[in-house]
Amino acid sequence: MMLSVPAFAGAPEVNPDWLRRIESGDVALEAHTDPGGRGGQVRAMIDIAAPPQVVWTTILDCERAARMTPSVKRCAVLSRDPSGRTELREHVVKWSFLLPALHSTSRLALEPYRRIAFRCEAGDIKDCEGQWLLEPLDGGRATRVTYENRAAAPFGLPSGVTTMAMRRDVPAALRALRRESVAAAR
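To keep things clear, this report deals only with the structure shown in the data block. The structure presented is a predicted model; accordingly, all values stated were derived computationally and were not measured.

Reading the values: the criteria
- Residues numbered from 1 in each chain as written.
- Predicted model: local features only at pLDDT ≥ 70, side-chain atom pairs only at ≥ 80, totals over all residues.
- Heavy atoms only, no water.
- Core = buried A, V, L, I, M, F, W, Y, C linked by side-chain atoms within 4.5 Å.
- Buried < 20%, exposed > 50% of the residue type's maximum accessible area, 1.4 Å probe, protein only.
- Helix = DSSP H or I, 4+ residues; strand = E, 2+ residues; numbered from the N terminus.
- Contact = heavy atoms within 4.5 Å.
- Pairing = 2+ DSSP bridges.
- Polar contact = N/O pair within 3.5 Å; in protein donor to acceptor, adjacent residues only side chain to side chain.

## Notes on the nonpolar core
Val-55, Ile-116, Trp-132, Val-145, Leu-174 and Leu-177 are the most contacted members of the largest nonpolar core, which totals 35 residues. When residues of this core are assigned to their parent elements, the largest contribution, five residues, is made by helix 4 (residues 159-185). In this view, Trp-132 contacts Ile-59, Arg-114, Arg-115, Ile-116, Phe-118, Val-145, Thr-146, Tyr-147, Leu-174 and Leu-177; residues no more than four positions away in its chain are not counted.

Okay, structure coming up:
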């Protein structure tokens, strides 16, 4: 099963400013209101000094989810097809003490060591879709990770609030992914 990610058609373009940022160890980020005005859209990129297989395993490791993204309170694989190409996952997230915990069930389409596409299907967060793209660097000793997501809050938050949360949370999560991946590669 292939999930399409219409919000981010085509391969991500890497402009010279993004290259300078990621090659200096920073996170390149673009976040804005999604074209439908229902939420936010984010694209971010980071280079990680670990092979794609290690980064892939780290992204999919539910045990590490809360260390990489503090708003994640629970991650569980509900089902996996025998071929290992699709999964159904549940996440519980709590973004703020002012907001209730949110449950989300997502379907993942997996292209090992290259792409993880996801789409929310059930729970409180029903409107999200995105992908992780992994590009080998340095003969496979490092990985360029691109993260893309379009999401809408399940309640009446202005889209600007969703975008602001993405600008805050996505770079922190990518830096944590780098930290965990580099530690796992040692």
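## So, the pairing of strand 6 (residues 115-123)
Sheet topology places strand 5 (residues 102-111) next to strand 6; eight bridges connect them, and they run antiparallel. Its bridge partner being in strand 6, Thr-105 is matched across the sheet by Ala-122. Here strand 5 folds back onto strand 6, and the loop between the two strands holds three residues, one of which, Tyr-113, carries a positive phi near 65 degrees. Bridging between strand 6 and strand 7 (residues 128-137) involves five bridges; their strand directions are antiparallel. Opposite Arg-119, over in strand 7, you have Glu-129 as the bridge partner. In this structure, the hairpin formed by strand 6 and strand 7 is closed by a connection of four residues.

## Observations concerning the side chain of Arg-43
Along the chain, Arg-43 falls in strand 2 (residues 40-48). A polar contact of 2.6 Å, which involves the side chain of Arg-43, links it to the side chain of Glu-148.

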